[in-house]
Every structure is written in C-alpha cells, then in structure tokens.
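# Notes for the structure review
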Amino acid sequence: MGKKTCVVLVQLGTPDSPKRRDVKRYLSEFLNDPRVIDLPAYKRKPLVNGIIVPFRTKNSSQIYQELWDMSGGKSPLLIHTLALQEKLQSRLSEAADVRIAMRYGSNGMDEVFEQIRKDGFEKIVILPLYPHYAAASTGTVMEKAMKIMSKWWVIPEVSIISQFYDDEKYLEAVLDSCKDYNWKDYDDVIFSYHGLPERQVDKVYADNKCSNHSCESEINDENKFCYKATCYATTRLVAEKLGMKESDYTVSFQSRLNDKWLAPFSDKIVEEMAKAGKKKILVFSLAFVADCLETLVEIGAEYQEIFEEHGGEKVQLVPSLNANEKWVDCVEHLVRERL
C-alpha cells in the first residue's frame, strides 16, 4: 500500500431505492439509533418498530420516489457525495486515500472501516459531512467510529473533524453557492436548518437549559457545541458577508416531528410570509452540504406548495454545496490541516 493516510467522508446515508422494503430497512436502522431518538430502549423500540416505521414507510417511499424522479432515478445525496470523493481524491493525489461511508444503509461504516483496518493505514482522518455538531449527526458518527475501532488490536492515529460552520473556506463555498441569487431581489430570506428536539440541545448544558445561554445571539465557551447556537452563528457569518442586517432574514428549523422541536418552524414561516403579501423568498438550507430529500422535496416542492396556497409565488432554494469547486477547496483545506 502506497498511501499511509485514509480520509473517510461520512454522510447520513440513503435507501438503496424508493421501494418500500428498502425505505423500511433504512428508516429502521436510522430511527433505532439512540442518538437520533434519544429515549430509553424500552420506549424507543416499540415506538420506532411498532408505530413510526410501519406507518411512515409508505409515505416516505412515495417521497423518495419523487426525489429519485427529480434526480435521474438515483439518490442525489449519493451522487454528490461520490462526486466530492472523486474530486477530493484527485486533489490529494498520493497524499491520502479518500473513501466514503454512510452512517445508515449500504456502504455502511462497519464495512468501510473493516476494509480500512485490513489495508493497514497509519492515520485515519474522519470528516462527518455536517457543518454543525449535533449528537444525532456528527456525534453518532464519532460514537460509531470509536466503537468499531475499539475492537481493533492496532488502532492508528485518528483525527475527527467535529464541525466547520465557521471555517472561512466553508463560508466562501456558501457564498459561491448563492452567487446567482441576489438576496435584494427577494421580498424576504429564510435560513432554514434541520430541526432537533429541544431536549437534545438542552443536554449540551450543565443546567439542561439551552434557553439560558444566549444561543441566538453569540457563541461562547458554554454553547460552542450547541447545534442551535452554531446555526445562528452560521447565519450571522453568512449574512455579514452578504451585507444583510438582522431584519433582512429569518432563522427557522424544518423537518419537525412535533411542537417540542426547535422553533420557529420553517413551514409556518413560509406560510406567514405568504399571508403577509411576500411574493418571492430566498431559502438557504445550510445544515446540508448535499441536496437531498430535505432540500429538494421539503423546501423545493412542499414549501413551494405552501407558499402558493397562501398567495406567494416563488420559493427559491439556494442549492447545496454538492461537489462545487469551492466546497472541494474547503474539504481539501480541512483535511490537509490534519495530514
């Protein structure tokens, strides 16, 4: 083996197809993760396996079919992640071997890391493809990686990149993704982030209360790993670079399961803006680095329908970073810092 370092890009994962059996298998693995649904096993397992997965599979299968149809019959998340891997491998040349792993579904971390072990690398750099740390995203990748490697007799040097929302090259990539959209041409702007249960951000703190820690206005030593705080910080950083004032945009959270999730809720904000007479809105969804169900279907299709239903005209989604060159620049920079 010529290369001594392995770079592992870890994404959420995707069903193998929109067929019900594949979606059911994927949802079952995903939702049974105790960091995703952080309830005791005796509550989580009956809820997930007896209620959520059986009742959600049919509808989710239809949504995934819509997503596949938008993307030429394939998973856009997988397409963009493979393209990112290919471009990064070309950039790193002989410095490292670049591989991708999925936290859930096919090409999973067990399989990928077992091959890494067999290949005998001296160093492993793990990059979960989430700009902001959350226990249910980056945290579960870290936990899984450590569980796998704890069983190895020989554990090489390991570096894990926990978050990068404030990295200058990441911000440059975000600005590049929206270069075709002048925010001043729109009636309003939304920064929509994937939601989490409030209890999950509360757990970051010794007092178990996110609301006590200025998460909407500053980053400090206590909230630097709070998902809500880093989402607001990302918005401030991007807005400043775009010359936006706080009154020019709204921060909200999408994909909620109930009213005990982070608020305000993106779908309600879209509805309110339409009712207020707004005709064109621009939406950033910066929790995702690759377009997927939550961006293309939830925002691009479902929010468009909500907006039109209440008098609006156009919801313009800013594309995710996908495999754009500025994003590849960022990933290369993050990795090279650790080589």
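First, a word on scope: everything that follows refers to the structure included in this document. Every value quoted in this text rests on a predicted model; they were computed, and no experiment measured them.

## A look at unusual backbone geometry
Cis geometry is found at the peptide bond from Ala263 to Pro264, where omega equals 0°. Tracing the backbone through its elements, the reader meets Pro264 in the loop between strand S6 (249-254) and helix H9 (266-275). Backbone geometry places Asn107, a non-glycine residue, at a positive phi of 55°. Note that Asn107 resides in the loop between strand S2 (97-105) and helix H4 (109-119). Taking the relative accessible area as the measure of exposure, Asn107 reaches 29% and is therefore partly exposed. Notably, Asn208 is not glycine yet its phi reads approximately 55°, a positive angle. Take Asn208: it is sitting in the loop between helix H7 (198-202) and helix H8 (227-242).

## What about the sheet that holds strand S7 (residues 280-284)?
Strands sit in the order S6-S5-S7-S8 across an open sheet of four strands; the sheet is parallel. Looking along the sheet, the strands with just one partner apiece sit at the ends: S6 and strand S8 (314-317). Neighbour-to-neighbour, the strand axes of this sheet turn through a mean angle of 30°, independent of strand direction. Of the pairings in the sheet, the one linking S7 to S8 comprises four bridges and is parallel in character. Note that in S8 the partner of Lys280 across the bridge is Lys314. Packing of H8 onto the sheet brings it into contact with strand S5 (188-194), S6 and S7, and relative to S6 it is tilted by some 145°. On the sheet, helix H10 (residues 293-309) packs against S5, S6, S7 and S8 and is oriented at approximately 165° with respect to S8.

## Things to note about the pattern of salt bridges
Applying the stated criterion across every chain yields a total of 24 salt bridges. Measuring nitrogen to oxygen at the nearest pair gives 3.3 Å for the salt bridge that ties Lys228 to Glu216. Of this pair, Lys228 sits in helix H8 while Glu216 sits in the loop between H7 and H8, placing them twelve residues apart in sequence. Lys228 sits in the buried class, given a relative accessible area of 13%. For Glu216, a relative accessible area of 46% corresponds to the partly exposed category.

## Considerations on the layout of surface pockets
Empty space among the atoms becomes apparent when a probe as large as a water molecule is rolled across them. In this structure, the second largest pocket occupies an estimated 240 Å³ of space. Forming the walls of the second largest pocket are 14 residues, and the residues nearest its centre are Arg103, Asp110, Lys144, Lys147 and Ile148. Taken together, the elements giving at least two residues each to the lining of the second largest pocket come down to S2, H4 and helix H5 (138-149). At four residues, the largest contribution of residues to the lining of the second largest pocket is made by H5. Here the lining of the second largest pocket is composed, by residue class, of four nonpolar, one polar and nine charged.

Parameters at a glance
Residues numbered from 1 in each chain as written. Predicted model: local features only at pLDDT ≥ 70, side-chain atom pairs only at ≥ 80, totals over all residues. Heavy atoms only, no water. Helix = DSSP H or I, 4+ residues; strand = E, 2+ residues; numbered from the N terminus. Buried < 20%, exposed > 50% of the residue type's maximum accessible area, 1.4 Å probe, protein only. Pairing = 2+ DSSP bridges. Axes fitted to C-alpha atoms, helices over the stretch in contact; angles between N-to-C directions. Contact = heavy atoms within 4.5 Å. Salt bridge = Lys/Arg side-chain N within 4 Å of Asp/Glu carboxyl O. 1 Å grid on protein atoms, 1.4 Å probe; cavity = no way out; pocket = protein on both sides within 12 Å on 5 of 7 lines; lining within 4 Å. Points joined across faces, edges and corners; volume = space filled by probe spheres on them. Nonpolar A, V, L, I, M, F, W, Y, C, P; charged D, E, K, R; others polar.

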